[in-house]
Amino acid sequence: MAQHPIKSGPLNARLRLPLTLTWAGLLAERLVRAFWPLWTLLVAVAAALMLGLQDILVFELATSVLIAATLGAAALLVVGIARFHWPRRGEALARLDAGLPGRPLQALGDAQAVGRGDAASEALWQAHRARMEQAARAARAPRPNLRIARLDPFGLRYIALLGLVVALLFGSVWRVTSAVHLTQGRAQPLGGPAWEGWIEPPAYTGLPSLYLADQPDRRLDIPTGSRVTLRFYGQVGALALAETVSGRTTGIGAATDTEQSFDVTQNGTLAIDGPGGRKWDIRVIPDAPPTAEVSGEHARTTVDGQMSQPFAAQDDYGVTGGTATFDLVLADVDRRYGLAPEPEPRAPIVLDLPLPITGDRARFKEVLVDNLSQHPWAHLPVRLTIKVEDAAGQTGTSNPLTMDLPARRFFDPVAAAVIEQRRDLLWSAANAPRVAQVLRAITYKPEDSLFRNKADYLKLRTIMRRLEAQTKDGTLPGDARDKLAQALWDLAVALEDGDTADALERMREAQERLSEAMRNGADEDEIARLMQELRDATDDYLRQKSQMAQREDGADQPDSDQQQGTTLSQQDLQDMMDRIEDLMREGRMAEAEEALRQFQQMMENLRITQGEGGEGEGSPGGEAMQGLADTLRQQQGLSDEAFRDLQQQFNRGTGSSPGEGEGQGEKGEGKGKGTGPLADRQQALREELERQRGSLPGSGEAAEGARGALDRAGEAMRDAEESLRDKDMAGALDSQSEAIDALREGMRGLGEAMAEENGARQGGQGQAQGGTGTPQSDPLGRQAGQGGGIGTEGDLLQGEDVYRRARELLDELRRRSGESARPEVERDYLRRLLDRF
């Protein structure tokens, strides 16, 4: 059947808009399918030009790429024209009709072929056309199909679009004009010369970059080492650089080069000559080298030999690392005995300085903590030098401080002799025969009091025999010497630390035997013998405690007189034992036994320098505090190592040499770091903290607060461990900092709990004594008499001894009242006594 155009005027008007839109959709489809390779190429070239790739490539290569892109665009244009066909109205009408049910537009173009002239047939035909016109009025323009994924299987059009978006964000439209140079031999600009430039301070300064176009023509203060980058656009030679801030004498290009970079090293001017040029007066902010200072005359040393040396450091932009170096001052060594031979060469002791984990490193104070007691230079003259470094690689050194290398002191005669021979053996292997001879002399028929434990005697004999057997030709192999030195150290520590515990145990046994004898009614001779045994054991214990006090005094520890509480002198204890003996001689056994019980209680609470029942190292609280201090020190060491690892990662990322840890010398015989990964060491430290937390002594609010702080420290350590395993060094440092803060808070809480417990115990003792009629003691340690009066029930001195004793007492009162370290309440009491007498 023949097709005829639609002649209905209203229908034509109704279909005009959908038909036009359908035609436009066909046009868009054919344009996209024919020319998508062309616009993909044009978008890619525009993105490259806006990003300035033409300025990076050499002229010849950039020109070749531009010519190839032009030829490619021409070829794609020809191919696109060949593929493109202009859409006709019939095609648009067929597309529109295809979207309608029954194709009404095609039906309206048909003519009646059968039954023409028959009224019924023509009526039926008109009814059919009416229905088709009604259906055609619902025509809507179909959506054009612009999908070309089948034609672009690699997604080249999306790659080009992504490049254009990046160029719009980070490039510049003005850079496209520089492509004109490629076609005109860099001779004629389109829009005139232009320039842009930046000044980038060194990254470690933390200062922002300066965009020169935004800076007025005035003085600019910038850090030394800042990087200046300039780019000239337009005709070559129209713009030129004039500067006197780089100090360059070689490798200088032409002043008209389109791209120039240099570092600012000195004061001067920076100018851009030409249209739109600018000029600035540059003043360099110098990067001063860091400085370091050793604080205090001498390092503080604990009883076990742990050194605490304060120091201070500062830098204008922050200190990044540092070391403490101990050099032996051989000229000041007393070259006698085992130190007479020439010493074997040893590297200086180099320790890494602790740095603040959080906060500003431009100016800080820290404490170098380490234990060098086992080093061969212990107690020998050394020169301490602190060296710090900043991010620019500049170093600063403190003034050298000459001191004796801080280390543990030994007061037991045998322990001191063993340590001296150990030092001589490490000083020079040639001392091996002499050391063996001295050890043989020490162990030859020793007195009973020389070795209280026969096992220590046997150990020393074994060491001596091993030394003699391994000494060949008057010298000793290095590995054998190190093992023998460690054995000598362990033996000396056992000899030194074992005395006090043994003396205390003997004193307690003597007290128990004397108390049992009094209860069983022993004769006077037995009582006298046991009393003398108690005196000897007490004297021995007090001697050992006095030596511990001397150690702490030598280690710059606070005097025990600064602490609150009852402080008894040795004479006071002797007077108490005299009182017990007088009561037993008079047959007043019940009173004597009560006095002995009080004596036992006072000895348990005795504090000469470190009391066994106070906060000393032997008490549970003291041991817990020492354990937490060790944990804190190890956590700080882990944090320092993690920070150094983070620095090394950053330096590797920037292509610079890390420089951390280089040139470090020996850190002492007894100093060493774990060889396991940081995460495993962090896990071990966390497990140790959990063990310490479970055995934490004390009760009450302060103790619970300490436990809560340690729980937080454990959680922070767990987080640090996970960060270390994930290679997240920054996150690990944050968690380790939280752990250190929580550990310090826990130690403060434990100290408060111990102080509360000691105060409650002392108060309870005073109330119990007052409530039961038990004699109380005044601040001088004297026992109260009958009825609670202060005094003594023994016979007073007679004759001239009265005046001598009175003068001695007054002198002692004056001496004690003048000691500012004593508690104020005790000094007030002493002054009232002096005013009275």
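## Observations concerning the overall build of the protein
Thinking step 1. Check the secondary structure of the protein and you find 21 helices and 17 strands.
Thinking step 2. Within the protein, the proportion of its 837 residues that are buried is 40%.
Thinking step 3. When contacts within the protein are restricted to residue pairs at least 6 apart in sequence, those whose partners lie at least 24 apart make up 73%.
Thinking step 4. Of the roughly 44,600 Å² of accessible surface on the protein, 53% is carried by carbon and sulfur atoms.

## Description of helix α9 (residues 413-427)
Thinking step 1. Here α9 contains 15 residues, and its C-alpha end-to-end distance of 21 Å stays within 8% of the 21 Å for a straight helix at 1.5 Å per residue.
Thinking step 2. A large share of α9 lies buried, amounting to 11 of its 15 residues.
Thinking step 3. Among the residues making up α9, those that are buried are Val414, Ala415, Val418, Ile419, Gln421, Arg422, Arg423, Asp424, Leu425, Leu426 and Trp427.

## What about the packing of helix α17 (residues 678-694) against helix α18 (residues 701-725)?
Thinking step 1. At a closest axis distance of 9 Å, the pairing of α17 and α18 adopts a crossing angle of 165°. Considering their axes alone, α17 and α18 lie roughly antiparallel with respect to each other. Classified by chirality, the crossing of α18 by α17 is left-handed. Facing α17, whose interface residues are Leu678, Ala679, Asp680, Gln682, Gln683, Leu685, Arg686, Leu689, Glu690 and Arg693, α18 presents Arg707, Leu710, Asp711, Ala713, Gly714, Met717, Arg718, Ala720, Glu721, Leu724 and Arg725.
Thinking step 2. Here the residues of the contact of α17 with α18 are counted per class, giving nine nonpolar, three polar and nine charged.

## Focus: a nonpolar patch on the surface
Thinking step 1. Taken together, the side chains of Leu51, Leu53, Ile56, Leu162, Val165, Val166, Leu169 and Phe170 present a nonpolar region at the surface, about 790 Å² in accessible area.
Thinking step 2. Secondary structure elements with two or more residues in the nonpolar patch: α2 (53-56) and α7 (156-170).
Thinking step 3. It is α7 that contributes the most residues to the nonpolar patch, five residues altogether.
Thinking step 4. Along the chain, Val166 falls in helix α7.
Thinking step 5. In this structure Val166 comes out as partly exposed when scored by relative accessible area, which is 31%.

## A word on the side chain of Asp287
Thinking step 1. Mapped onto the elements of the fold, Asp287 is located in the loop between β8 (279-285) and β9 (291-294).
Thinking step 2. Side chain to side chain, Asp287 and Tyr204 meet in a polar contact 2.8 Å long.
Thinking step 3. If we ignore the near neighbours within four places in the chain, the residues touching Asp287 are Tyr204, Thr224, Asp315, Asp316, Tyr317, Asp390, Ala392 and Gln394.

## Thoughts on the pairing of strand β11 (residues 306-314)
Thinking step 1. Where burial is concerned, most of β11 is hidden: seven out of the nine residues are buried.
Thinking step 2. In this structure, strand β10 (residues 300-301) lies alongside β11, joined through two bridges in antiparallel fashion. Note on β11: the bridge partner recorded for Thr301 is Met307.
Thinking step 3. What sits between the antiparallel neighbours β10 and β11 is a turn of four residues, in which Gly305 has the positive phi angle 95°.
Thinking step 4. Here β11 pairs with strand β14 (residues 363-371) via nine bridges, running antiparallel. The residue bridging Met307 from the neighbouring strand is Asp370, located in β14.

## Description of empty space enclosed by the protein
Gaps between atoms show up when a probe of the same size as a water molecule is rolled over them.
Thinking step 1. Enumeration over the complete set of coordinates arrives at two cavities of 30 Å³ or more.
Thinking step 2. Lining the second largest cavity we find Phe232, Tyr233, Gly234, Gln235, Val236, Gly237, Leu239, Thr256 and Thr258.
Thinking step 3. In terms of residue class, the lining of the second largest cavity is made up of four nonpolar, five polar and no charged.

## Some details on α18
Thinking step 1. When the terminal C-alpha atoms of α18 are compared, their 36 Å separation across 25 residues agrees well with the 36 Å that a helix rising 1.5 Å per residue should span.
Thinking step 2. Positive backbone phi, approximately 65°, marks Lys727, located one or two places after α18.

## Concerning the sheet that holds strand β2 (residues 210-211)
Thinking step 1. The strand order across the open sheet built from four strands is β2-β1-β4-β6, with neighbouring strands paired in antiparallel fashion. At either margin of the open sheet sits one strand with a lone partner, and together these are β2 and β6 (259-263).
Thinking step 2. As paired elements, strand β1 (residues 194-200) and β2 share two bridges and run antiparallel to each other. Each bridged residue has a counterpart across the sheet, and for Trp198 the counterpart in β2 is Tyr211.

## Remarks on the pattern of salt bridges
Thinking step 1. Enumeration over the complete set of coordinates arrives at 29 salt bridges.
Thinking step 2. Between Arg30 and Glu91 there is a salt bridge; the shortest N-O distance is 3.2 Å. Placement of the pair is Arg30 in helix α1 (residues 9-50) and Glu91 in helix α4 (residues 89-98), with a sequence separation of 61 residues.
Thinking step 3. Given a relative accessible area of 26%, Glu91 falls into the partly exposed group.
Thinking step 4. For Glu690, the salt bridge goes to Arg718, with nearest N and O atoms at 3.6 Å. Linking Glu690 in helix α17 with Arg718 in helix α18, this pair joins segments that are 28 residues apart in sequence.
Thinking step 5. Residue Arg718 is classed as partly exposed on the basis of its relative accessible area, which comes to 31%.
Thinking step 6. Bridged by salt links that share partners, the residues Asp680, Arg686, Glu690, Arg718, Glu721 and Arg725 form one connected network.

## Concerning the sheet that holds strand β3 (residues 219-223)
Thinking step 1. Reading across the sheet, the four strands line up as β3-β8-β7-β5 and stay open at both edges, with mixed pairing between neighbours. Each edge of the sheet is formed by a strand with only one pairing partner; in this case those strands are β3 and β5 (240-243). Adjacent strand axes in the sheet meet at a mean angle of 25°, parallel and antiparallel pairs treated alike.
Thinking step 2. Two strands pair when backbone bridges link them, and strand β7 (residues 268-273) and β8 are joined in this way by four bridges, in the antiparallel orientation. By the bridge assignment for β8, Gly268 is matched with Ile282.

## Section: the environment of Arg408
Thinking step 1. Secondary-structure assignment places Arg408 in the loop between β17 (401-404) and α9.
Thinking step 2. Along the backbone, Arg408 and Met307 are 101 residues apart, and their C-alpha atoms lie at a distance of 9.1 Å.

## A short note on the packing of aromatic side chains
Thinking step 1. Counted under the stated rule, the structure contains eight aromatic pairs.
Thinking step 2. A centroid spacing of 6.0 Å and a plane angle of 80° characterise the contact between Phe84 and Trp86, whose relative ring orientation is edge-to-face.
Thinking step 3. An aromatic cluster is present here, built from Trp23, Phe35, Phe84 and Trp86 joined pairwise through their rings.

## Some remarks on the confidence of the model for the protein
Thinking step 1. The predicted model of the protein has a mean per-residue pLDDT of 77, with 78% of residues at 70 or higher.
Thinking step 2. Throughout residues 1-5 the model reports pLDDT below 50, and contacts reaching past four residues in sequence, or to other chains, amount to 12 contacts.
Thinking step 3. When the criterion is pLDDT under 50, residues 654-676 qualifies, and its contacts beyond four places in sequence or with other chains add up to 41 contacts.

## Brief notes about the packing of helix α10 (residues 432-442) against helix α11 (residues 454-470)
Thinking step 1. Contact pair α10 / α11: the axes reach a minimum separation of 9 Å and the direction vectors enclose 150°. One finds that α10 runs roughly antiparallel with respect to α11. Once α10 is placed against α11, the crossing between them reads as left-handed. Seen from α10, the contacting residues are Ala432, Val435, Ala436, Leu439, Arg440 and Ile442; seen from α11, they are Leu460, Arg461, Met464, Leu467 and Glu468.

## Points about the nonpolar core
Inside soluble globular proteins, nonpolar side chains tend to come together where they are buried.
Thinking step 1. With 28 residues, the main nonpolar core has Phe326 and Ile386 as its most contacted residues.
Thinking step 2. Those elements giving two or more residues to this core turn out to be β9, β11, β12 (319-328), β13 (349-352), β14, β15 (381-390) and β17.
Thinking step 3. Sort the elements by how many residues they give to this core and β15 lands first, with four residues.
Thinking step 4. Excluding residues within four positions of it along the chain, Ile386 makes contact with Ala292, Val294, Thr323, Ala324, Leu353, Gly396, Thr397 and Ser398.

## Focus: a negative patch on the surface
Thinking step 1. A surface patch of like charges, here negative, comprises Glu715, Asp719, Glu722, Asp726, Asp728, Asp734, Glu738 and Asp741.
Thinking step 2. Those elements that place two or more of their residues in the negative patch are α18 and α19 (729-772).
Thinking step 3. By the element assignment, Asp728 lies in the loop between α18 and α19.

Scoring rules and cut-offs
Residues numbered from 1 in each chain as written. Predicted model: local features only at pLDDT ≥ 70, side-chain atom pairs only at ≥ 80, totals over all residues. Heavy atoms only, no water. Helix = DSSP H or I, 4+ residues; strand = E, 2+ residues; numbered from the N terminus. Buried < 20%, exposed > 50% of the residue type's maximum accessible area, 1.4 Å probe, protein only. Contact = heavy atoms within 4.5 Å. Areas by Shrake-Rupley, 256 points an atom, 1.4 Å probe, with all protein chains shown as cover. Expected span 1.5 Å × (residues − 1). Axes fitted to C-alpha atoms, helices over the stretch in contact; angles between N-to-C directions. Parallel < 35°, antiparallel > 145°, perpendicular 65-115°, else oblique. Left-handed = near helix turned anticlockwise from the far one by under 90°. Nonpolar A, V, L, I, M, F, W, Y, C, P; charged D, E, K, R; others polar. Patch = residues over 30% accessible without salt bridge, like charges linked within 9 Å, V, L, I, M, F, W, Y side chains within 5 Å. Salt bridge = Lys/Arg side-chain N within 4 Å of Asp/Glu carboxyl O. Polar contact = N/O pair within 3.5 Å; in protein donor to acceptor, adjacent residues only side chain to side chain. Pairing = 2+ DSSP bridges. 1 Å grid on protein atoms, 1.4 Å probe; cavity = no way out; pocket = protein on both sides within 12 Å on 5 of 7 lines; lining within 4 Å. Points joined across faces, edges and corners; volume = space filled by probe spheres on them. Phe/Tyr/Trp six-rings, centres within 6.5 Å; stacked < 30°, edge-to-face > 60°. pLDDT = per-residue confidence, 0-100. Core = buried A, V, L, I, M, F, W, Y, C linked by side-chain atoms within 4.5 Å. Lys, Arg positive; Asp, Glu negative; His and termini not counted. Charge placed at Lys NZ, Arg CZ, Asp CG, Glu CD.

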